[in-house]
Amino acid sequence: MVKKNIQKMAFVNPYGKNVKEIKYFIYKIVDVLLNRSSNAEKFPPLPKNIKNFDKFNLNDLPISESKILKQIKIIINNSMNASNPYYLGHMDSLPTTMSIVGDIICSTINNNMLSKETAPILTEIENKVTKNLANKFNLGQDSGGVMLAGGSLSNIQAIALARNRILGSFEKGLIGLKRKPYIFASEESHTSIQKAAMVLGLGTKSVIPIQTNADGRMKISDLDKLIRQKIKDKGFPFCIVATAGTTITGSVDDLNEVSKIADKYKLWMHTDAVYGGALTFSDKFKNKLSGIENSDSISFNPQKWLYITKTCSVLLLKNKKYLYSDFFTPLPYVMKNKDEYHQGEITLQGTRYPDVLKLWLSLQHLGNFSYSEIIENSFKYTNLFKKKLLEINNIKIACEPQMNILCFRYEVRNKNANENDLLNLNLQKFLFKKHNIFFSVVKYNNLRWLRGILLNPFFNLRHIKKICLNVSEFTKDDKILKSIRSND
Ligand SMILES: *Cc1c(COP(=O)(O)O)cnc(C)c1O
């Protein structure tokens, strides 16, 4: 029995002794949270400087709930505020309502996605939802998947499977391989591919970067050429990573052509659709993913364009059985029936958070219908934004936007590339510090660009106008300034 002098509200008392106090405290937190989320534009997209951090030293003695509440307010006010439509910097956005609800449920029931024994119904739901998503990508009847805490882990597990399957390294590892293994990926692919190669004992140099064309898509002829060259040099190509939605420009590799090359050389095709996988929810744009159905594996993050709270990532497989033949590591401490597999035996993680609940609730609540509308809307505003930005003198875009990502840059003719880079760093600072508009700065083709990711469903023409006005203010282009003002 818990002693009287420990915190009364340390736990929800299983005998109902503190229900009232806990409810009251949680309601107060909910008020603070909703005040912020429902007034998102009044708070800057990011805190300008973190205040009151000195109060955060840990104490040995318990502190009161009212002190905790004060700290919580500080945390909330000093956090990234992606609900603000002027937060355009990264692949983060406001969460679906059902994600928030799902998270409250998950932390309260505190199940463990290790096995059915530790998460009975949620494990069934995960199997259903991942199968459902695999079907959405047309991966065929033997398909299925697992969920992981983020896209990097999904990519790592996919490449681990490819390695075990093609190099036969499940038991033996890499020792004794006569030929050096290689992975081929676009130069614009995500750095988690290098990370995967590094942790899987292959080394980052085993990832061969393939040049991209003006649209940021992998050059297929280069892919073919480099694979052939490595085979000729006694290397062991085993995996191609295609990207469906690069992190910088949102470019989608030609997945049909990539799959032909994978077939030709008998390589594993992994598609990193961590960002762009959401397009499968849009009838209008899902053809951009044409060929993805030929992938051996796909990683996809509902935590990005499906607005599920972090983390939420799925790894989908054309043949789910490879998880059993090439990844399975048994858990001796959980009961199961013969021929059953615990999720903890076939995923990179052991204990896992039930990310599936918020995904499943949101997918039901919004339906394909609402998701497709949100996605198609963001294409519309991206094009509008591009058009308006290009009306400003000396604004250039990195490439034609292929989804809802736009990289632009201010370029003055009599300045060199470095000076113009500096100008763009200043433009980013100016927009953020002076106008509470947050773009990230990225490097693409060796130049610095401002990158806008138009995820927020509440982003509209009003925001575009204000941004363009402020960009013009920076570039001191009076003509544009006047015309934007007169349009208001
Ligand atoms: C974001 C991203 C990743 C990494 O996902 P995390 O969830 O951040 O680990 C991988 N690939 C692409 C294309 C991404 O955009």
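Description of the structure in this document. (Residues numbered from 1 in each chain as written. Predicted model: local features only at pLDDT ≥ 70, side-chain atom pairs only at ≥ 80, totals over all residues. Heavy atoms only, no water.)

1. Some details on the pattern of salt bridges
Per the counting criterion, the structure on display carries 19 salt bridges. For Lys358, the salt bridge goes to Asp103, with nearest N and O atoms at 3.6 Å. Residue Lys358 is found in helix H12 (residues 355–390), and its partner Asp103 is found in helix H3 (residues 97–109); the two are separated by 255 residues along the sequence. By relative accessible area, which is 0% here, Lys358 ends up buried. A salt bridge links Glu411 to Lys396, with the shortest nitrogen-to-oxygen separation between them at 3.9 Å. Pair noted here: Glu411 is in the loop between strand E9 (405–410) and helix H13 (417–435) and Lys396 is in strand E8 (residues 395–397), with a separation of 15 residues, a long-range link. You can call Lys396 partly exposed: its relative accessible area is 38%. The structure contains a network of salt bridges with shared partners spanning Lys396, Arg409, Glu411 and Asp421. (Salt bridge = Lys/Arg side-chain N within 4 Å of Asp/Glu carboxyl O. Helix = DSSP H or I, 4+ residues; strand = E, 2+ residues; numbered from the N terminus. Buried < 20%, exposed > 50% of the residue type's maximum accessible area, 1.4 Å probe, protein only.)

2. Comments concerning a positive patch on the surface
On the surface, Lys28, Lys67, Lys70 and Lys73 cluster together into a positively charged patch. In this fold, Lys28 is placed in helix H1 (residues 19–37). (Patch = residues over 30% accessible without salt bridge, like charges linked within 9 Å, V, L, I, M, F, W, Y side chains within 5 Å. Areas by Shrake-Rupley, 256 points an atom, 1.4 Å probe, with all protein chains shown as cover. Lys, Arg positive; Asp, Glu negative; His and termini not counted. Charge placed at Lys NZ, Arg CZ, Asp CG, Glu CD.)

3. Some thoughts on the packing of H1 against helix H2 (residues 65–77)
How two helices pack is summed up by the angle between their axes together with the distance between the axes. Where H1 meets H2, the closest approach of the two axes is 11 Å, and the angle between their N-to-C directions is 20 degrees. Here H1 is positioned roughly parallel relative to H2, judged by the angle of their axes. Crossing of H1 against H2: the hand is right-handed. Of the residues in H2, those touching H1 at Phe25, Lys28, Ile29, Val32, Leu33 and Arg36 are Glu65, Ile68, Leu69, Ile72, Lys73, Ile76 and Asn77. Per-class residue counts for the contact of H1 with H2 are 8 nonpolar, 1 polar and 4 charged. (Axes fitted to C-alpha atoms, helices over the stretch in contact; angles between N-to-C directions. Parallel < 35°, antiparallel > 145°, perpendicular 65-115°, else oblique. Left-handed = near helix turned anticlockwise from the far one by under 90°. Contact = heavy atoms within 4.5 Å. Nonpolar A, V, L, I, M, F, W, Y, C, P; charged D, E, K, R; others polar.)

4. Overview of the site of the ligand
The environment of the ligand is formed by 14 residues, the closest being Gly151, Ser152, Asp272, Asn301 and Lys304. Within the side chain of Asp272, a nitrogen or oxygen atom sits 2.7 Å from a nitrogen atom of the ligand. Contributing elements (two or more residues each) for the shell around the ligand: helix H5 (151–167) and helix H9 (302–305). In terms of residues, the shell around the ligand owes the most to one element, H5, which gives 3 residues. A class-by-class count of the residues in the shell around the ligand yields 2 nonpolar, 10 polar and 2 charged. (Near = heavy atom within 4 Å. Polar contact = N/O pair within 3.5 Å; in protein donor to acceptor, adjacent residues only side chain to side chain.)

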